[in-house]
Amino acid sequence: MKKYLYGIDFGTTNSALAIYNEETKEIHHTIILPSLIYFYQEPGTGGSPNYVVGEEAITAYLADDMKGRFIKSVKQILSRSSFTETRIQNKRYNASDLVAIILKELKARADQLIGYDCKKAVIGRPVFFDDDDTQKDTLAQTRLRKATEIAGFVDIRFQFEPIGAAFAYEKSLVKKENVLVADLGGGTTDFTYLVLDPEKAGSKNRKNDMIANGGIYIGGDSFDSAFMWEKGTPYFGKNTQYEATPGKVLTVPKSLFANICSWEQMNFFNSLRIRKDIEDYYYFSGRDPQFKNLITLIENNLGYSVFQSIEKTKITLTNTDSARFSYHQMGIKIDEEVALQNYEKIIAKDVDRIANYLDKFIVQNNIDIQDIDTLFLTGGTSMVNSVQKLFKSRLPHVSLNSGDNFKSVVKGLAYSGYLFED
Ligand SMILES: Nc1ncnc2c1ncn2[C@@H]1O[C@H](COP(=O)(O)OP(=O)(O)OP(=O)(O)O)[C@@H](O)[C@H]1O
Ligand SMILES: [Mg+2]
């Protein structure tokens with residue numbers, strides 16, 4: 001008897017699967033997996049895969065001296081029409097193939113727990129995969145569907161991630177509420193405004209309860225990129241000067257550093273192509289030691305470890321007024337104290353964009369903020385101080401609630417089984 005369905009939250013940073021028992025109408029188990037893939041430098045032997053996923057990807061990447069291909073934030077390429085495929089050890093992978101690796105791992109772990117090959121899943125998706133471009137959005141959802149099929153699912157429905165979070169919150173309610181949900185993840189910030197009513201939980205027709213959905217392509221990764229740009233890149237030679245033509249002193253192009261600030265670029269940029277330019281700048285800079293760090297970073301694939309230090313600094317700053325940004329690898333030495341105030345300045349542009357989007361969302365959907373009973377904040381980035389301040393300042397009278405920042409979405413996706421009844 002096939003009594004389970006899976007809710008799957010394929011996230012930029014973390015992916016999750018909730019096993020839902022359709023008979024008891026309860027969640028049986030939840031699995032969380034960091035959305036990371038590590039391809040070993042050496043091809044697999046005897047048909048064994050040459051990659052590992054999740055936490056194991058980090059361990060293998062470090063054990064392998066960071067020599068293979070480390071893939072993070074793969075969700076961000078779903079909407080990129082310019083990304084068609086990447087070659088890893090003579091094998092081609094398109095966006096769906098890469099995503100499917102993560103979904104397959106989640107499915108395998110869950111199937112093992114329930115004892116059969118479950119083919120039914122509600123998959124979460126952000127309200128917008130990218131800023132309001134419908135073509136890109138369709139491309140992303142098509143790719144995600146394909147990945148879900150490659151992973152072995154047949155009966156598939158999509159649900160907006162913030163609606164998932166809302167349904168998880170609904171389980172804790174005893175009375176009807178108008179709720180604004182804000183889900184701030186690694187890649188996107190999504191909003192939904194809806195009427196939650198515990199009496200309607202799980203029922204088929206919820207369409208009239210959904211008042212508005214929206215989202216913006218900003219999340220924790222954007223904060224980490226901004227931090228890398230401000231605090232990291234000077235250690236990799238952003239201000240290096242070179243003199244290729246005698247008497248003409250120039251600063252190295254900033255575009256080189258944009259590559260190391262964004263995961264999407266860092267995952268897939270062809271370092272061989274720019275290697276020669278970089279070697280030339282290095283030579284003509286008189287072998288600037290900071291610029292040498294850029295070469296070390298690219299040649300040794302250190303991106304992920306630098307971003308781990310950046311994330312650590314960010315997380316420390318959620319509880320303290322100051323944190324050390326520290327990185328020591330292969331001759332690169334970074335040791336800098338960062339005050340919370342300074343951090344807040346670095347991410348201010350992104351936080352302002354979220355605030356402006358929220359204002360627009362409220363106005364365009366004719367939401368009277370006096371009608372909002374509760375703000376439900378979820379997602380890892382909802383823990384950042386500036387983000388909390390932003391919501392408190394915009395909605396001072398609204399009571400704030402938050403559940404499990406990493407599981408609310410997936411639980412609510414699993415509670416969305418009503419979608420199969422259509
Ligand atoms: N304690 C913390 N303080 C601040 N930020 C945190 C904390 N813990 C995690 N984060 C950040 O939260 C983000 C991950 O959150 P989450 O798992 O909700 O995202 P996701 O679901 O993978 O992404 P998305 O929903 O955008 O696809 C990362 O950017 C991470 O650095
Ligand atoms: Mg998420």
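These numbers come from a predicted model, not from an experiment.

1. A short note on the overall build of the protein
Phase 1: In terms of helices and strands, the protein carries 13 helices and 19 strands.
Phase 2: The C-alpha atoms of the protein give 23 Å as radius of gyration, which agrees with the globular expectation for 422 residues (22 Å, within 12%).
Phase 3: With the principal axes as the frame, the protein shows a C-alpha extent of 75 × 60 × 40 Å.
Phase 4: Partitioning the contacts of the protein with sequence separation of at least 6, the portion at a separation of at least 24 is 69%.

2. A short note on the site of ligand 1
Phase 1: The local shell around ligand 1 holds 23 residues, among which Gly11, Thr13, Gly185, Gly220 and Gly380 are the closest.
Phase 2: At the level of elements, helix H5 (220-232) and helix H10 (303-316) are the ones that each hand at least two residues to the shell around ligand 1.
Phase 3: Ranked by the residues each element gives to the shell around ligand 1, the list is headed by H10, at three residues.
Phase 4: Along the lines of polarity and charge, the residues of the shell around ligand 1 split into four nonpolar, 14 polar and five charged.
Phase 5: Inspection of the shell around ligand 1 shows a minimum of three residues originating in each of domain 1 (4-174 + 405-421) and domain 2 (221-343).

3. Here's the deal with the sheet that holds strand S2 (residues 14-21)
Phase 1: Pairing is mixed in the open sheet, where five strands are placed in the order S3-S2-S1-S9-S10. Since the sheet does not close on itself, it has two edges, and those belong to strand S3 (26-34) and strand S10 (155-160), each with one partner. For this sheet, the mean inter-axis angle between neighbouring strands, taken without regard to orientation, is 20°.
Phase 2: Against the sheet, helix H3 (residues 134-150) contacts strand S9 (120-125) and S10, and its axis sits at roughly 150° relative to S9.

4. Some details on the pairing of strand S18 (residues 374-378)
Phase 1: Where strand S11 (residues 177-184) lies against S18, five bridges are found, and the strand directions are parallel. The partner of Asp183 across the bridge, within S18, is Thr378.
Phase 2: The pairing of S18 with strand S19 (residues 399-401) spans three bridges and is classified as parallel. By the bridge assignment for S19, Phe376 is matched with Asn401.
Phase 3: This β-α-β element, S18 to helix H12 (residues 385-394) to S19, shows right-handed connectivity.

5. What about the sheet that holds strand S6 (residues 69-72)?
Phase 1: Sheet architecture is open: three strands sit in the order S5-S4-S6, paired in antiparallel fashion. The open sheet has two edge strands with one neighbour each: strand S5 (51-53) and S6. Here the average twist between neighbouring strands, direction ignored, is 15°.
Phase 2: As paired strands, strand S4 (residues 36-39) and S5 are joined by three bridges and run antiparallel to one another. Note that in S5 the partner of Tyr38 across the bridge is Val52.

6. Considering the domain arrangement of the protein
Phase 1: When its domains are assigned, the protein resolves into domain 1 (4-174 + 405-421) and domain 2 (221-343).
Phase 2: Between domain 1 and domain 2, the C-alpha centre-to-centre distance is 30 Å.
Phase 3: Taken together, the contacts link twelve residues of domain 1 with ten residues of domain 2.
Phase 4: Among the elements that make up the side of domain 1 that touches domain 2, the one with the highest residue count is S6 (three residues).
Phase 5: Classifying every residue of the side of domain 1 that touches domain 2 gives six nonpolar, four polar and two charged.

7. Brief notes about helix H4 (residues 161-170)
Phase 1: With ten of ten residues buried, H4 is to be regarded as a mostly interior element.
Phase 2: Buried within H4 are the following residues: Glu161, Pro162, Ile163, Gly164, Ala165, Ala166, Phe167, Ala168, Tyr169 and Glu170.

8. Let's talk about the environment of Lys204
Phase 1: Looking at the secondary structure, you find Lys204 in the loop between strand S12 (189-196) and strand S13 (210-216).
Phase 2: Taking C-alpha positions, Lys204 is 7.2 Å from Glu421, a pair spaced 217 residues apart along the chain.

9. Some thoughts on the nonpolar core
Phase 1: Judged by nonpolar contacts, the single largest core of 109 residues is most densely connected at Ile37, Val99 and Ala166.
Phase 2: Per element, the largest residue contribution to this core is nine residues, and it comes from helix H2 (residues 95-114).
Phase 3: Residues lining this core come from more than one domain, with at least three contributed by each of domain 1 (4-174 + 405-421) and domain 2 (221-343).
Phase 4: With sequence-adjacent residues up to four places away left out, Ala166 is seen in contact with Val179, Val181, Thr192, Leu194, Leu196, Phe376 and Gly412.

10. Comments concerning the environment of Lys176
Phase 1: Looking at the element boundaries, Lys176 is found in the loop between H4 and S11.
Phase 2: Assessed through the 15 C-beta atoms surrounding it within 10 Å, Lys176 is described here as partly exposed.
Phase 3: Each C-alpha atom of the pair Lys176 and Ala108 lies 38 Å from the other, and the pair is 68 residues apart in sequence.
Phase 4: Non-local contacts of Lys176, meaning those with residues more than four positions away in its chain, are made with Val195, Leu196 and Asp197.

The rules behind the values
Residues numbered from 1 in each chain as written. Chains lettered and ligands numbered in written order. Predicted model: local features only at pLDDT ≥ 70, side-chain atom pairs only at ≥ 80, totals over all residues. Helix = DSSP H or I, 4+ residues; strand = E, 2+ residues; numbered from the N terminus. Rg over C-alpha atoms; globule rule 2.2 N^0.38 Å. Contact = placed C-beta atoms within 7 Å. Near = placed C-beta within 6 Å. Nonpolar A, V, L, I, M, F, W, Y, C, P; charged D, E, K, R; others polar. Domains from an automatic or database assignment. Pairing = 2+ DSSP bridges. Axes fitted to C-alpha atoms, helices over the stretch in contact; angles between N-to-C directions. Right-handed = clockwise from strand over helix to strand, strands pointing away. Buried ≥ 20, exposed ≤ 12 C-beta atoms within 10 Å, placed from the backbone. Core = buried A, V, L, I, M, F, W, Y, C linked by C-beta atoms within 7 Å.

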